[in-house]
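Residue-level structural notes
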Amino acid sequence: MKHPETLVLIMAAAVLAPLLAHGAARRVRVPLVIFEIALGILIGPDVLGWAHSDQVIDTLSDLGLAMLIFLAGYEIDFAAVRGDTLRRAMGAWLVSLAAGIGLALLISGGEVFQSFVIGTALTSTALGTVLPILRDRGELRGRFGTVMSAFGAVGEFGPVVAVALLLSGRRPGESAALLAAFGAITAAAVFWALRPRPPWFSRLVERTLHSSGQFAVRFVMLLLACMLGLAAVFGLDVLLGAFAAGVLTRLVLHGAAPGSSAEVLGKVEAMGFGFLVPLFYVVTGIEFDLHALLSDLGALLLVPVFLLLFLLVRGGPVHALAPRDLGRRDRTALSLFASTCLPLVVAITTIGVDQKVLGTDRAAAMVGAAMLSVLLLPLLAMRLRGRAESAPRSAEDAEAW
């Protein structure tokens, strides 16, 4: 590690962030991720210059992103989101992808690969940010939470698949074949996960749950490592493997050890949200190119433009195709939540910069807009949800599709 002090500063920022979020909650609820990124920018090279990235820090940050997507995949209850709701969610995302790439072609002046980067980033949903908000409000298992889970799952999974197809650097046919092979192996793994586990499996999970053995946690980490490795072998983005690992873990734990699955998840979440995930967000702030954003007026003006595009490209189709049994305010809140993005925007723009098809100024503008989306859109959505719960529903709002 070239900069050992950086890890200390990152963890200090990770500890300070929830203190700041708790203090700010007395006046306005600010998502924790905003403080984590902001503190990263503060200690980063463009402000105080205290923290610097190196290979070890970048590796830990990549693990943090993988853990974030893994936990998002674990949250998806496909038994609850299947059917018409899932079809509507998939239709809305496909419309968003077509609109996003089309508008990106205009913004980029017809540069195809840059359009793929911008267009794909415009279609993402920060499910890992939205679901904890709904969980804290007790709405995750209700009708609104189920619909949000469906639209958010597609908004999380769809861009990951699009990245594998459009941004891999290979021909589309070759990428599609590799993606199909990965999908076939994942489907076989799902079939395996749905099979009953032998009795010794659940007994060992319970027996080691409070011992140094921690069999279940180690098994979960093995699944995550296997799926990340499988995605890497096929030349696909590791986010695809992380998401698939989350889905598989849910199936295995709920089938083999339903009584212990919540506690096992709590241990994994402690590892993720206690260390790896905040590290990812703080490093995102450290690597944020604030100088490129502030030194270019055009890039700075793109921040509100991209925020508006997130709302139009992602939120518009979601509002139009949302189930009609949701009230008007609920559909608007759903579109605001669905337009909330950040992790995949960071990941996708990083790919674009690494492949030299996206400038650091536009990447910084998109990440800045995504940060604003995390800060503003959930607050607006929660306010609408509060009004929707307190206000009587009109006949039009209450109509069933």
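What counts and what doesn't
Residues numbered from 1 in each chain as written. Predicted model: local features only at pLDDT ≥ 70, side-chain atom pairs only at ≥ 80, totals over all residues. Heavy atoms only, no water. Helix = DSSP H or I, 4+ residues; strand = E, 2+ residues; numbered from the N terminus. Rg over C-alpha atoms; globule rule 2.2 N^0.38 Å. Buried < 20%, exposed > 50% of the residue type's maximum accessible area, 1.4 Å probe, protein only. Contact = heavy atoms within 4.5 Å. Areas by Shrake-Rupley, 256 points an atom, 1.4 Å probe, with all protein chains shown as cover. Lys, Arg positive; Asp, Glu negative; His and termini not counted. Charge placed at Lys NZ, Arg CZ, Asp CG, Glu CD. Salt bridge = Lys/Arg side-chain N within 4 Å of Asp/Glu carboxyl O. Axes fitted to C-alpha atoms, helices over the stretch in contact; angles between N-to-C directions. Left-handed = near helix turned anticlockwise from the far one by under 90°. Nonpolar A, V, L, I, M, F, W, Y, C, P; charged D, E, K, R; others polar. Core = buried A, V, L, I, M, F, W, Y, C linked by side-chain atoms within 4.5 Å. Parallel < 35°, antiparallel > 145°, perpendicular 65-115°, else oblique.

1. Some details on the overall build of the chain
Within the chain, the regular secondary structure consists of 18 helices and 0 strands. For a compact globule of 401 residues, the expected C-alpha radius of gyration is about 21 Å, and the chain comes in at 21 Å, within 12% of that figure. A principal-axis box enclosing the C-alpha atoms of the chain has dimensions of 65 × 65 × 55 Å. Expressed as a percentage of the 401 residues in the chain, the buried residues total 53%. A sequence separation of at least 24 residues applies to 80% of the contacts in the chain between residues at least 6 apart. For the chain, the accessible area works out to roughly 17,400 Å², and carbon and sulfur atoms hold 66% of it. If the 31 positive side-chain charges of the chain are averaged to one point and the 29 negative ones to another, these points end up 8 Å apart.

2. Considering the environment of Leu 326
With respect to the helices and strands, the residue Leu 326 is situated in the loop between α15 (297-321) and α16 (328-338). For the pair Leu 326 and Arg 143, spaced 183 residues apart in the sequence, the C-alpha separation amounts to 8.5 Å.

3. Some points on the pattern of salt bridges
Any two side chains of opposite charge can pair, on the condition that their charged atoms come close. Counting across every chain of the model gives 2 salt bridges. Its salt-bridge partner being Asp 84, residue Arg 88 comes within 2.8 Å of it at the nearest N-O pair. Linking Arg 88 with Asp 84, this pair stays in helix α5 (residues 84-107), spanning 4 residues, or about one helical turn. Looking at Arg 88, the relative accessible area reads 17%, which means it is buried. For Asp 84, a relative accessible area of 21% puts it in the partly exposed group. One salt bridge in this structure joins Asp 325 and Arg 143, with 2.8 Å as the shortest N-O distance. A residue pair is termed long-range when its members are at least 10 positions apart, and Asp 325 in the loop between α15 and α16 and Arg 143 in helix α8 (residues 143-166) qualify at 182 residues. Given the relative accessible area of 27%, Asp 325 is considered partly exposed. Taking the relative accessible area as the measure of exposure, Arg 143 reaches 37% and is therefore partly exposed.

4. Here's the deal with the packing of α15 against α16
Two elements in contact, α15 and α16, have axes whose closest approach is 8 Å; the angle formed by their N-to-C orientations is 145°. Once α15 is placed against α16, the crossing between them reads as right-handed. Together, Leu 311, Arg 314, Gly 315, Val 318 and His 319 of α15 and Arg 328, Arg 331, Thr 332, Leu 334, Ser 335, Leu 336 and Ala 338 of α16 make up the contact between the two elements. Here the contact of α15 with α16 is composed, by residue class, of 5 nonpolar, 4 polar and 3 charged.

5. With respect to the nonpolar core
With 138 residues, the main nonpolar core has Phe 182, Phe 306, Phe 310, Leu 334, Phe 337 and Leu 342 as its most contacted residues. Residues within four places of Leu 334 in sequence aside, it is in contact with Phe 144, Val 147, Met 148, Phe 151, Val 318, Ala 322 and Leu 326.

6. A look at the packing of α5 against α8
Packing of α5 against α8 leaves a shortest axis separation of 9 Å and a crossing angle of 45°. In terms of their interaxial angle, α5 and α8 are classed as oblique. For the pair α5 and α8, the crossing hand works out as right-handed. Residues Thr 85, Leu 86, Arg 88, Ala 89, Met 90, Ala 92, Trp 93 and Ile 101 of α5 pack against Arg 143, Val 147, Ala 150, Phe 151, Val 154, Gly 155, Gly 158, Pro 159, Ala 162 and Leu 166 of α8. Within the contact of α5 with α8, the residues separate by chemical class into 13 nonpolar, 3 polar and 2 charged.

7. Topic: the environment of Pro 18
Assignment of secondary structure puts Pro 18 in helix α1 (residues 4-24). Residue classification places Pro 18 among the partly exposed positions, given a relative accessible area of 37%. Counting along the chain gives 232 residues from Pro 18 to Arg 250, while the straight-line C-alpha distance between them is 28 Å.

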